[in-house]
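Working through the structure, step by step
Chain by chain, the residues run as shown.
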Amino acid sequence: MKSFLFVFLLASLSLCQGQQHFRLHITPPAGQRMGGNEFFKTVVAWKWKERDSLAVKEILSGNIPSFLLKFSRINVSILDSASGKMITAHYFVAPDYLSIGSDHDWARVPLTPMAAQKIADRFGCFLPTRKMVDDIYRQAVVKLEPVPMYAFRDSSITMWQHHLIIEGQRLQQKGLIAGIKKDVVLSGGVSRYPKPGHEAIYGWHKLDGKAIQPLYIGHINWWVDYSHGIRLVYHTIWVNGKAMDYTAVLSDPILKRLLCDEEFCDFFRYE
């Protein structure tokens, strides 16, 4: 159906082994599209569920800045202590956090993990782990000082203001950006938390590389505030040149260390 988005690689999977970027192909909406400014004006008095619903509708319709579809390559490696050999891998991540609008009128939109998972599933992606957030930060080309805000943290107005503050810092710098948001992440702690329906957040690195937000699973999964961001990661991981699904990598007792630094790395997605 035309209303559905079809996500595919620009080149074959084998070609991605030598590429520094690849692009998700998403059909943009026909005609006039909602910009970031209009989105936040529309949802200014809405609750989280209604805001989530409109954001998912707009993003799945293809209303995403085109620059966000050019994913950046992240290189990682580990030493296999059993064989003494180095294992290398790479994967591709969105250069910025999920946003709505065109390249000229757009805004980053914090989302609940439930909304983020719907989008990730449709686009063939997943959310990063704590280790991946650290690796992305180290390899980012644009690193900005976090700007905490303290009043009305979960309001749409504050979310819009925070986006504008980040843009004032960025000053048109281009490329993989980090240090501007806390990531909603995958963590084995979510499925093991004593209460169901929670989310994991981590990150917001300062310029010294230290994260303001340690891994935290105390928030109920519908809590979302201005500081949260959704970073998409393409589901294929290239391990020693071999394409593997991220779930297979996280399920392997050795390879999981490429993507995860927790004791349990078996939480693959939010419901």
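See the structure above.
Below: a short report on this structure. Note that the coordinates shown come from a computational prediction; the quantities given were computed from them, not determined experimentally.

**Looking at the overall build of the protein**
What the protein contains, in helices and strands, is seven helices and 15 strands. What you see for the protein is a C-alpha radius of gyration of 18 Å, in line with the 18 Å of a compact globule of 271 residues. C-alpha extents for the protein along the principal axes are approximately 55 × 40 × 35 Å. When the 271 residues of the protein are sorted by exposure, 52% land in the buried category. In the protein, the share of contacts with a sequence separation of at least 24, taken over all contacts with a separation of at least 6, comes to 71%.

**What about the sheet that holds strand β9 (residues 182-185)?**
Pairing is mixed in the open sheet, where four strands are placed in the order β11-β10-β9-β12. Bordering the open sheet on either side are β11 (211-216) and β12 (228-229), each of which pairs with just one other strand. Two elements, β9 and strand β10 (residues 200-205), share four bridges in a ladder whose sense is antiparallel. Looking at β10, one finds that V185 is bridged to A200. Across the sheet, helix α4 (residues 130-139) is in contact with β9, β10 and β11; its angle to β10 comes to roughly 20°.

**Side note on the environment of H228**
Summarising the element assignment, H228 is placed in strand β12. The buried category is assigned to H228, whose relative accessible area is 1%. Each C-alpha atom, one on H228 and one on I157, is 14 Å from the other, the two residues being 71 residues apart in sequence. Setting aside residues up to four positions removed in sequence, H228 forms contacts with P110, K181, K182, V184, E199, I201, H219 and W223.

**Examining the nonpolar core**
The nonpolar side chains of a soluble globular protein tend to be buried with one another. Core analysis: the largest hydrophobic core is formed by 76 residues, its most contacted members being F123 and L232. Listed in part, the six residues of the second largest apolar core include Y97, L144, I166 and I177.

**Some details on the environment of P95**
One can find P95 in the loop between β3 (85-93) and β4 (99-101). According to the relative accessible area criterion, P95 is buried, its value standing at 8%. The spacing of P95 and I165 is 70 residues in sequence and 18 Å in space, taken between C-alpha atoms.

**Concerning the pattern of salt bridges**
A complete count under the given rule lists ten salt bridges for this structure. A salt bridge links R108 to D96, with the nearest nitrogen and oxygen atoms 2.9 Å apart. Taken together, the positions of R108 in strand β5 (residues 106-108) and D96 in the loop between β3 and β4 put the pair twelve residues apart, joining distant regions of the chain. A relative accessible area of 1% places R108 in the buried class. Here D96 falls in the buried class, since its relative accessible area comes to 5%. Its salt-bridge partner being D261, residue R130 comes within 3.1 Å of it at the nearest N-O pair. In this pair, R130 is assigned in helix α4 and D261 in the segment after α7 (246-251), connecting sequence segments 131 residues apart.

**Comments concerning helix α2 (residues 48-60)**
For α2, spanning 13 residues, the distance from its first C-alpha to its last is 18 Å, which sits close to the expected 18 Å at 1.5 Å a residue. Inspection of α2 places R51, D52, L54, A55, V56, E58, I59 and L60 among the buried residues, and these make up the whole buried set. For α2, the elements touching its buried residues are α1 (36-42), β4, α3 (113-122) and α5 (156-170).

**Some points on the packing of aromatic side chains**
In the structure shown here, the tally under the stated rule is twelve aromatic pairs. A ring pair is formed by F22 and F92, whose centres lie 4.9 Å apart and whose planes are at 40°; its orientation type is tilted. Here F22, found in strand β1 (residues 21-23), pairs with F92, found in strand β3; they are 70 residues apart in sequence, far enough to count as distant. No difference in accessibility class separates F22 from F92, as the two residues are buried. Look at W204 and Y226: their rings are 6.1 Å apart centre to centre, the planes differ by 70°, and that puts the pair in the edge-to-face class. On the criterion of sequence distance, the pair formed by W204 in strand β10 and Y226 in the loop between β11 and β12 is long-range, its members being 22 residues apart. One exposure class covers both W204 and Y226, and it is buried.

What counts, and where the lines are drawn
Residues numbered from 1 in each chain as written. Predicted model: local features only at pLDDT ≥ 70, side-chain atom pairs only at ≥ 80, totals over all residues. Heavy atoms only, no water. Helix = DSSP H or I, 4+ residues; strand = E, 2+ residues; numbered from the N terminus. Rg over C-alpha atoms; globule rule 2.2 N^0.38 Å. Buried < 20%, exposed > 50% of the residue type's maximum accessible area, 1.4 Å probe, protein only. Contact = heavy atoms within 4.5 Å. Pairing = 2+ DSSP bridges. Axes fitted to C-alpha atoms, helices over the stretch in contact; angles between N-to-C directions. Core = buried A, V, L, I, M, F, W, Y, C linked by side-chain atoms within 4.5 Å. Salt bridge = Lys/Arg side-chain N within 4 Å of Asp/Glu carboxyl O. Expected span 1.5 Å × (residues − 1). Phe/Tyr/Trp six-rings, centres within 6.5 Å; stacked < 30°, edge-to-face > 60°.

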